[in-house]
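# Inside the fold
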Amino acid sequence: MTWLIAGLGNPGPAYATTRHNVGYLVTDVLAARMGGKWSSHRKSRTDVVEGRLAGERVVLGRSRSYMNESGGPLKALGGFFDVAPEEYVVIHDELDIDFGRLRIKLGGGDNGHNGLKSLRGSLGTGEFHRVRVGIGRPPGQQTVHDFVLKPWSAAERKELDVNVEEAADAVESLITRGLVETQSAFNR
């Protein structure tokens with residue numbers, strides 16, 4: 001079995017340090033743990049790292065298109081490697097979870113998240129694993145759009161590396177120990 005571990009985000013340096021790109025940050029940590037380097041997968045418009053993670057066969061993937069168009073490339077990547085939707089692990093930012101917290105689940109709606117909406121639409125199902133990395137709600141009157149596309153605050157940056165490492169640990173746990181044990185260990 002091959003797992004497709006997809007980090008959601010937007011390509012390019014303008015978005016690299018934004019809250020919406022936490023999925024990319026987690027996949028960077030996973031790539032480093034695998035000793036792999038990102039390469040272009042032309043047939044799917046994604047960047048990939050292939051190899052083993054915690055003894056399991058995985059393909060790390062992230063779309064080179066914008067968040068709201070990421071479903072097509074990630075579906076194409078899964079098709080190329082013959083990965084069923086329930087073997088996807090999608091890492092994304094989550095407004096409804098406080099910063100510094102994680103939630104792991106299988107299935108569900110898109111809750112207004114454009115990357116999830118695109119992927120659900122492309123796959124025809126929402127029955128894939130999710131590692132939901134909490135970013136919290138925008139303060140005051142700031143719009144959600146502005147909040148997710150702004151860089152992390154100075155206070156958040158102090159804790160961000162620990163949060164990203166923990167999300168990477170949750171991915172490893174999910175593919176080796178399963179959903180129930182991982183939820184028990186990481187959902188708090």
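The rules behind these values
Residues numbered from 1 in each chain as written. Predicted model: local features only at pLDDT ≥ 70, side-chain atom pairs only at ≥ 80, totals over all residues. Heavy atoms only, no water. Helix = DSSP H or I, 4+ residues; strand = E, 2+ residues; numbered from the N terminus. Buried < 20%, exposed > 50% of the residue type's maximum accessible area, 1.4 Å probe, protein only. Lys, Arg positive; Asp, Glu negative; His and termini not counted. Salt bridge = Lys/Arg side-chain N within 4 Å of Asp/Glu carboxyl O. Polar contact = N/O pair within 3.5 Å; in protein donor to acceptor, adjacent residues only side chain to side chain. Contact = heavy atoms within 4.5 Å. Axes fitted to C-alpha atoms, helices over the stretch in contact; angles between N-to-C directions. Parallel < 35°, antiparallel > 145°, perpendicular 65-115°, else oblique. Left-handed = near helix turned anticlockwise from the far one by under 90°. Nonpolar A, V, L, I, M, F, W, Y, C, P; charged D, E, K, R; others polar. 1 Å grid on protein atoms, 1.4 Å probe; cavity = no way out; pocket = protein on both sides within 12 Å on 5 of 7 lines; lining within 4 Å. Points joined across faces, edges and corners; volume = space filled by probe spheres on them.

## Quick word on the side chain of arginine 130
Looking at the secondary structure, you find arginine 130 in strand S7 (residues 129-134). No salt bridge is formed by the buried arginine 130; its nearest oppositely charged neighbour, glutamate 127, is found at 6.5 Å. Here the side chain of arginine 130 touches glycine 126 through a polar contact of 2.9 Å, landing on its backbone oxygen. A polar contact of 3.5 Å, which involves the side chain of arginine 130, links it to the backbone oxygen of phenylalanine 128. Once residues lying within four places of it in the same chain are set aside, the contact partners of arginine 130 are Val90, His92, Arg103, Ile104, Lys105, Gly107, Gly108, Gly109, Leu116 and Arg120.

## So, the packing of helix H1 (residues 22-34) against helix H5 (residues 154-177)
The interhelical angle for the contact between H1 and H5, taken along N-to-C directions, is 65 degrees, at an axis separation of 9 Å. The angle between the axes of H1 and H5 places the two elements in the roughly perpendicular class. Remark: the crossing between H1 and H5 carries right-handed chirality. Every residue of H5 that contacts H1 at Val22, Leu25, Val26, Val29, Leu30 and Arg33 is listed here: Leu160, Val164, Glu165, Ala167, Ala168, Asp169, Val171 and Glu172. The residue makeup of the contact of H1 with H5, split by class, is ten nonpolar, no polar and four charged.

## Looking at the environment of glycine 140
Counting through the fold element by element, glycine 140 comes out in the loop between S7 and helix H4 (144-148). Spatially, the C-alpha atom of glycine 140 lies 41 Å from that of threonine 176, the residues being 36 residues apart in sequence.

## With respect to the layout of surface pockets
Counted as a void, the largest pocket has a volume near 400 Å³. Taken together, 20 residues line the largest pocket, and the ones lying closest to its centre are His20, Gly112, His113, Asn114 and Val148. Those elements giving two or more residues to the lining of the largest pocket turn out to be strand S5 (88-94) and H4. Of the residues forming the lining of the largest pocket, the biggest block, three residues, is contributed by H4. Tallied by class, residues from the lining of the largest pocket come to seven nonpolar, eight polar and five charged.

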